[in-house]
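# Summary of structural features
Residues per chain, in single letters:
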Amino acid sequence: IRATVEGVERQISDTTSLQDEISNHQQSLQKLMDLARGMMGGASPEDCILIGDRLAQIQANYEIIQRQLLGRMQALKEGLKKAKEFSTQHETVLDKLEQQHSDLHMMPTVGIDIETVKIQLEDYKEFELEITELKKHIAQCQLKGKQLKDSCHYDDHTWVDARLDELNMAWSKLQSSSLSRQQQLEDALLRLGQFHEALVELMRWMKECSETLLERKEPGVNIQDIEQQMSDLQVLQSEIVSHELTVSSLNEAGRKLVSGSHDDTTAAEIQKEVDEMNNEWHSLKSLTSDKQVTLSTALERARVFHADLKELVDKFNRAEELATIMWNPHCLPDTCQRDIDEHAE
């Protein structure tokens, strides 16, 4: 099945034409059967058995072809649904990414006084909320693209990869610009002597991430749900990497404040805050690593489970097909034995 909407629609049109062509043979098949019955009236018993055997084979093959075409059409309709969902979501998310990147560049230059920087920091928080919401749509689009690639014709894998690369490049561009803005604001806080404000902002973000990891549901056995959770985790891992520079800057600023302080109590309080930050940082990274292991293990188990289930369902479908095809038992010894063997299997 193709990956593009236009490609699947062409396949549906071709399959519909083939269905019509096969249906047109119904009348010819009926004439052939009527003719055969007429021949059997004056034929020997051996010839009657042979004619009946051939008619049963033709009827069985005709019904198999009809079933296959019906299954093909159902698969194409499902493929068309996947192609439309991916195409629509890809275009929508890409437009949002470009708009967010434009909005980010429209933000004013970082201020030189503390009040201006604080106002800009609040504006950035609102922008960050929009980015957080957009991440969910990006993860969903990436997952739909992966599912489309897994189910489409291999000739279209390059097309799907190109669309996902386009999305990832736009996201990386926005993420890089957003991180740069955040670091500029945090540097401005540190430069203006607002060490505690910068530390509070980082601690707030880390606690929110930790709570999100702890609140997430168990992986379960649904492969799509697990892959979605893994996509969300990858987004979070990217954020953690982007905050490493902030953690390093705060550690350096904390060391300078401790070494330059003439008050032991103040120095101890600053050192305590820095230690709490580092502990929270290491805890967050540990939670992320544990979650990665949990999801990877769950995904492997789910794939094995669904593979075994599919194998069992395929056997049932094959048995049902053999049991429901309308044909008369063969009357020749060899063919009768073959029917018995297939039924026993």
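Coordinates for the structure precede this section.
Residues numbered from 1 in each chain as written. Predicted model: local features only at pLDDT ≥ 70, side-chain atom pairs only at ≥ 80, totals over all residues. Heavy atoms only, no water.

### Quick notes on the overall build of the chain
Each helix and strand counted, the chain has 9 helices and 0 strands in total. Reading the chain from its N end, one meets helices and strands in the order α-α-α-α-α-α-α-α-α. Taking 2.2 N^0.38 as the reference for a compact globule, 345 residues should give roughly 20 Å; the C-alpha atoms of the chain span a radius of gyration of 33 Å, well beyond that estimate. Across its three principal directions, the C-alpha atoms of the chain cover 120 × 40 × 25 Å. For the chain, the residues scored as buried account for 35% of the 345 residues in total. Of the contacts formed within the chain by residues at least 6 apart in sequence, a portion of 82% connects residues at least 24 apart. Accessible surface for the chain amounts to roughly 21000 Å². Of this, 54% is attributable to carbon and sulfur atoms. (Helix = DSSP H or I, 4+ residues; strand = E, 2+ residues; numbered from the N terminus. Rg over C-alpha atoms; globule rule 2.2 N^0.38 Å. Buried < 20%, exposed > 50% of the residue type's maximum accessible area, 1.4 Å probe, protein only. Contact = heavy atoms within 4.5 Å. Areas by Shrake-Rupley, 256 points an atom, 1.4 Å probe, with all protein chains shown as cover.)

### Overview of the packing of aromatic side chains
Inspection of the entire model under this criterion finds 2 aromatic pairs. Ring centres of Phe 86 and Trp 159 lie 6.3 Å apart, and the angle between their planes is 70°; on these two criteria the pair is classed as edge-to-face. Of this pair, Phe 86 sits in helix 2 (residues 45-105) while Trp 159 sits in helix 4 (residues 157-191), placing them 73 residues apart in sequence. (Phe/Tyr/Trp six-rings, centres within 6.5 Å; stacked < 30°, edge-to-face > 60°.)

### Some thoughts on a nonpolar patch on the surface
On the surface, a nonpolar cluster with roughly 320 Å² of combined accessible area is contributed by Val 221, Phe 305, Leu 309 and Val 313. For Val 221, the position within the fold is in the loop between helix 5 (195-215) and helix 6 (223-242). (Patch = residues over 30% accessible without salt bridge, like charges linked within 9 Å, V, L, I, M, F, W, Y side chains within 5 Å. Salt bridge = Lys/Arg side-chain N within 4 Å of Asp/Glu carboxyl O.)

### Quick look at the packing of helix 5 against helix 6
At their nearest, the axes of helix 5 and helix 6 sit 12 Å apart, and the two run at 160° to each other. By the angle between their directions, the pair helix 5 and helix 6 is classed as roughly antiparallel. Every pair of crossing elements has a handedness; the one defined by helix 5 and helix 6 is left-handed. Together, Trp 205, Cys 209 and Leu 213 of helix 5 and Leu 233, Leu 236, Glu 239 and Ile 240 of helix 6 make up the contact between the two elements. Across the contact of helix 5 with helix 6, the residue classes break down as 6 nonpolar, no polar and 1 charged. (Axes fitted to C-alpha atoms, helices over the stretch in contact; angles between N-to-C directions. Parallel < 35°, antiparallel > 145°, perpendicular 65-115°, else oblique. Left-handed = near helix turned anticlockwise from the far one by under 90°. Nonpolar A, V, L, I, M, F, W, Y, C, P; charged D, E, K, R; others polar.)

### Digging into the pattern of salt bridges
A full pass over the atoms with the stated rule returns 18 salt bridges. Measuring nitrogen to oxygen at the nearest pair gives 2.7 Å for the salt bridge that ties Glu 201 to Lys 125. Of this pair, Glu 201 sits in helix 5 while Lys 125 is found in helix 3 (residues 114-151), placing the two residues 76 residues apart along the sequence. Among the salt bridges present, the one from Arg 255 reaches Glu 252, with a minimum N-O distance of 2.8 Å.

### Topic: a negative patch on the surface
Taken together, the side chains of Asp 103, Asp 123, Glu 126 and Glu 130 define an acidic patch exposed on the protein surface. Within the element layout of this structure, Glu 126 appears in helix 3. When its relative accessible area of 52% is taken as the criterion, Glu 126 is described as exposed. (Lys, Arg positive; Asp, Glu negative; His and termini not counted. Charge placed at Lys NZ, Arg CZ, Asp CG, Glu CD.)

### Notes on the side chain of Arg 181
Looking at where Arg 181 falls in the secondary structure, it is placed in helix 4. Asp 123 provides the closest opposite charge to the buried, unpaired Arg 181, separated from it by 6.7 Å. When neighbours within four sequence positions are excluded, Arg 181 is seen to be in contact with Leu 104, Met 107, Pro 108, Thr 109, Val 110, Gln 120 and Tyr 124.

### Describing the nonpolar core
In summary, soluble globular proteins display a tendency toward joint burial of nonpolar side chains. Of all hydrophobic cores here, the largest spans 52 residues; its most connected members are Leu 97, Leu 174, Trp 205, Met 206 and Met 277. Looking at this core, the elements that each hand over two or more residues are helix 2, helix 3, helix 4, helix 5, helix 6, helix 7 (244-260) and helix 8 (264-324). Look past the residues within four positions of Leu 97 in its chain and what remains in contact with it is Leu 134, Ile 138, Leu 167, Ala 170, Trp 171 and Leu 174. Grouped together as the second largest cluster of nonpolar side chains are 8 residues, Ile 22, Ala 36, Leu 55 and Tyr 62 included. (Core = buried A, V, L, I, M, F, W, Y, C linked by side-chain atoms within 4.5 Å.)

The values reported here are purely geometric and, on their own, carry no functional implication.
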